[in-house]
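Chain by chain, the residues run as shown.
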Amino acid sequence: MATISAPHRHLLGIASLATEEIEALLETADGFVDLNRRSDKKLALLRGLTQINLFFESSTRTRTSFELAGKRLGADVVNMSVGASAIKKGETLIDTAMTLNAMHPDVLVVRHHDSGAVALLARHVRCAVINAGDGTHEHPTQALLDALTIRRRRGRIAGLTVAICGDIAHSRVARSNILLLTRLGARVRLVAPPTLLPPGMGPQYGVELFHDMRAGLEGADIVMMLRLQSERMQGSFVPSLREYFRFFGLTWEKLASARPDALIMHPGPMNRGVEIDGVVADDIDRSAILDQVEMGVAVRMACLDHLTRHLREAA
Ligand code: CP
């Protein structure tokens, strides 16, 4: 089975993964789903290894699932609190990285508000670094968990039509998903007002663009909603939240354009009544939102497993 190869000692983005590496990670993660449903969820694969979670931005799903993933595989997991760290006293990102490196961690899981910051940090440490989301750049483990969710619910990814809707311009989730889903053979549509699409985005990236929800959702198998990422916006991108919901919020009425069994996805956190109607999000037959959370733990276990295999083989 393929594993993340030597140049990919870090997992910084989907762009740097080969297709067979993506498939190997999904295959491994699929196996961990069953483990996570058992009462005894512990393995010793990472026993003796140290994982540090370093989150410069808030997180519920990613940070918690990385912590659970490391602990379920037997690692010693440290959650560094940035708010209570020397970063608050002016220490730079690189000094922080080198300080942590001196403590001999085996894996650093890093989220940062600046695109490229995680790759920069990775150049100053000797351990594996996993990008847990950097600015508007990439969120690779989110795209992997989304792919695993689709694969388990639909049995395949190739040939499916996936509509990614909302604030594409500020979304690292959209970027990683575009890269991953097109690579695995899905037809990807981006549905957003022109102000929320990245400049230059179009067919050269293997995607179709839509500015109308009903047209963009026509015949879609998967409807992936994104929130307005106001923390990364400078200025106003929509006239009002009420108007945004009217034209781009997912309601049963707009969803009727998609396939009758279309799956609803959202990476979270959700803003109910802004990009999605709460009753649509909560529909247990159509919504895969909590499946995505569950798959997140399994995918992060697979990433930790693959990135540390060379250490176990060397031991
Ligand atoms: N989807 C996601 O990254 O959620 P968190 O911000 O809660 O980690």
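Check the entry above for the structure.
Computed from a predicted model, the values in this text were never measured in an experiment.

Visitor: How should I be thinking about unusual backbone geometry in this particular structure?
Guide: Glycine aside, residues mostly have negative phi angles, and peptide bonds mostly take the trans form. The amide bond that connects Gly268 to the next residue, Pro269, takes the cis arrangement and shows omega of -5°. Counting through the fold element by element, Pro269 comes out in the loop between β9 (263-265) and α10 (278-281). Notably, His104 is not glycine yet its phi reads approximately 60°, a positive angle. One can find His104 in the loop between α3 (93-101) and β3 (107-112).

Visitor: Honestly, the sheet that holds strand β6 (residues 187-191) in this entry has me stumped. Any pointers?
Guide: Whenever strands of a sheet pair, they do so through backbone hydrogen bonds, lying parallel or antiparallel. Taken together, the 5 strands give an open sheet; going across it, the order is β7-β6-β5-β8-β9, and neighbouring strands pair in parallel fashion. Since the sheet does not close on itself, it has two edges, and those belong to β7 (207-210) and β9, each with one partner. Each neighbouring strand pair of the sheet contributes to a mean axis angle of 20°, computed without reference to strand direction. Two elements, β6 and β7, share 4 bridges in a ladder whose sense is parallel. Along β7, the bridge assignment pairs Arg189 with Glu208.

Visitor: Would you mind going over the site of the ligand with me for this structure?
Guide: Lining the immediate surroundings of the ligand are Ser59, Thr60, Arg61, Thr62, Arg111, His139, Gln142, Pro267 and Gly268. At a separation of 2.9 Å, an oxygen atom of the ligand approaches a polar backbone atom of Arg61. Between the ligand and Arg111, the relevant distance is 2.9 Å, taken from an oxygen atom to a side-chain nitrogen or oxygen of the residue. For the ligand, whose unbound accessible area comes to 260 Å², protein coverage reaches 92%. In terms of residue class, the shell around the ligand is made up of 1 nonpolar, 6 polar and 2 charged.

Visitor: What am I meant to see in the environment of Asp167 here?
Guide: In this structure, Asp167 sits in the loop between β5 (161-165) and α6 (172-183). Between the alpha carbons of Asp167 and Phe210 there is a distance of 13 Å; along the sequence they are 43 residues apart. A polar side-chain atom of Asp167 sits 2.9 Å from a polar atom in the side chain of His170. A polar side-chain atom of Asp167 sits 2.9 Å from the main-chain amide nitrogen of Gln229.

Visitor: What am I meant to see in the packing of helix α1 (residues 19-36) against helix α11 (residues 289-314) here?
Guide: Any two packed helices are characterised by the angle at which their axes cross and by the distance between the axes. Running from amino to carboxyl end, α1 crosses α11 at an angle of 125°, the nearest separation of the two axes being 8 Å. With respect to each other, α1 and α11 are oriented oblique. In terms of crossing hand, the pair formed by α1 and α11 is right-handed. Residue-level inspection shows Ala24, Leu25, Thr28, Ala29, Phe32, Val33, Leu35 and Asn36 of α1 in contact with α11, the latter providing Glu294, Met295, Val297, Ala298, Val299, Met301, Ala302, Cys303, Asp305, His306 and Arg309. The class makeup of the residues in the contact of α1 with α11 is 13 nonpolar, 3 polar and 3 charged.

Visitor: Sorry, what's going on with α1 here?
Guide: Residue pairs spaced three or four apart in an α-helix point in one direction, given the helix's 3.6 residues per turn. The end-to-end C-alpha distance of α1 is 26 Å, a good match for the 26 Å that 18 residues give at a rise of 1.5 Å each. On its buried face, α1 sits against α2 (61-72), α5 (140-154), α6 and α11.

Visitor: In this structure, what is going on with the pairing of strand β8 (residues 222-225)? I would like to understand it.
Guide: One face of the sheet, then the other: side chains in a regular strand alternate in exactly this way. Residues of β8 alternate between two faces, with Ile222 and Met224 on one and Val223 and Met225 on the opposite face, all of them buried. By the bridge criterion, 4 bridges tie β5 to β8 in an arrangement that is parallel. Of the residues in β8, the one forming a bridge with Ile164 is Met224. In this sheet, β9 lies alongside β8 in parallel orientation, the contact comprising 3 bridges. Note that in β9 the partner of Val223 across the bridge is Ile264.

Visitor: When you look at the packing of aromatic side chains in this model, what are you seeing that I'm missing?
Guide: The description of an aromatic ring pair uses the distance of the two centres, along with the angle that the planes make with each other. Tallied over the full model, the rule gives 1 aromatic pair. Taking the centre distance of 5.8 Å and the plane angle of 25° together, the rings of Tyr244 and Phe248 count as stacked. Here the residue Tyr244 and the residue Phe248 both occupy positions in helix α8 (residues 241-248), the gap between them amounting to 4 residues, near one helical turn. In this structure, Tyr244 and Phe248 share a single accessibility class: buried. Taking the ring centre of Phe245 as reference, the NZ or CZ of Lys254 above it sits at 5.8 Å.

Visitor: Looking at this structure, how should I read the pattern of salt bridges?
Guide: Close approach of charged atoms allows side chains with opposite charge to pair. Summed over all chains, the structure comprises 15 salt bridges. As a salt-bridge pair, Glu208 and Arg189 come within 4.0 Å of each other at their nearest N and O atoms. In this pair, Glu208 is assigned in strand β7 and Arg189 in strand β6, connecting sequence segments 19 residues apart. Take Glu208: its relative accessible area is 43%, and that puts it in the partly exposed class. Taking the relative accessible area as the measure of exposure, Arg189 reaches 13% and is therefore buried. The salt bridge involving Asp305 is made with Arg312; its shortest N-O contact spans 2.6 Å. Overlapping salt bridges bring together Arg63, Glu67 and Lys71 as one network.

Reading guide: rules and limits
- Residues numbered from 1 in each chain as written.
- Predicted model: local features only at pLDDT ≥ 70, side-chain atom pairs only at ≥ 80, totals over all residues.
- Heavy atoms only, no water.
- Helix = DSSP H or I, 4+ residues; strand = E, 2+ residues; numbered from the N terminus.
- Pairing = 2+ DSSP bridges.
- Axes fitted to C-alpha atoms, helices over the stretch in contact; angles between N-to-C directions.
- Near = heavy atom within 4 Å.
- Polar contact = N/O pair within 3.5 Å; in protein donor to acceptor, adjacent residues only side chain to side chain.
- Areas by Shrake-Rupley, 256 points an atom, 1.4 Å probe, with all protein chains shown as cover.
- Nonpolar A, V, L, I, M, F, W, Y, C, P; charged D, E, K, R; others polar.
- Parallel < 35°, antiparallel > 145°, perpendicular 65-115°, else oblique.
- Left-handed = near helix turned anticlockwise from the far one by under 90°.
- Contact = heavy atoms within 4.5 Å.
- Expected span 1.5 Å × (residues − 1).
- Buried < 20%, exposed > 50% of the residue type's maximum accessible area, 1.4 Å probe, protein only.
- Phe/Tyr/Trp six-rings, centres within 6.5 Å; stacked < 30°, edge-to-face > 60°.
- Lys NZ or Arg CZ within 6 Å of the ring centre and 35° of its normal.
- Salt bridge = Lys/Arg side-chain N within 4 Å of Asp/Glu carboxyl O.

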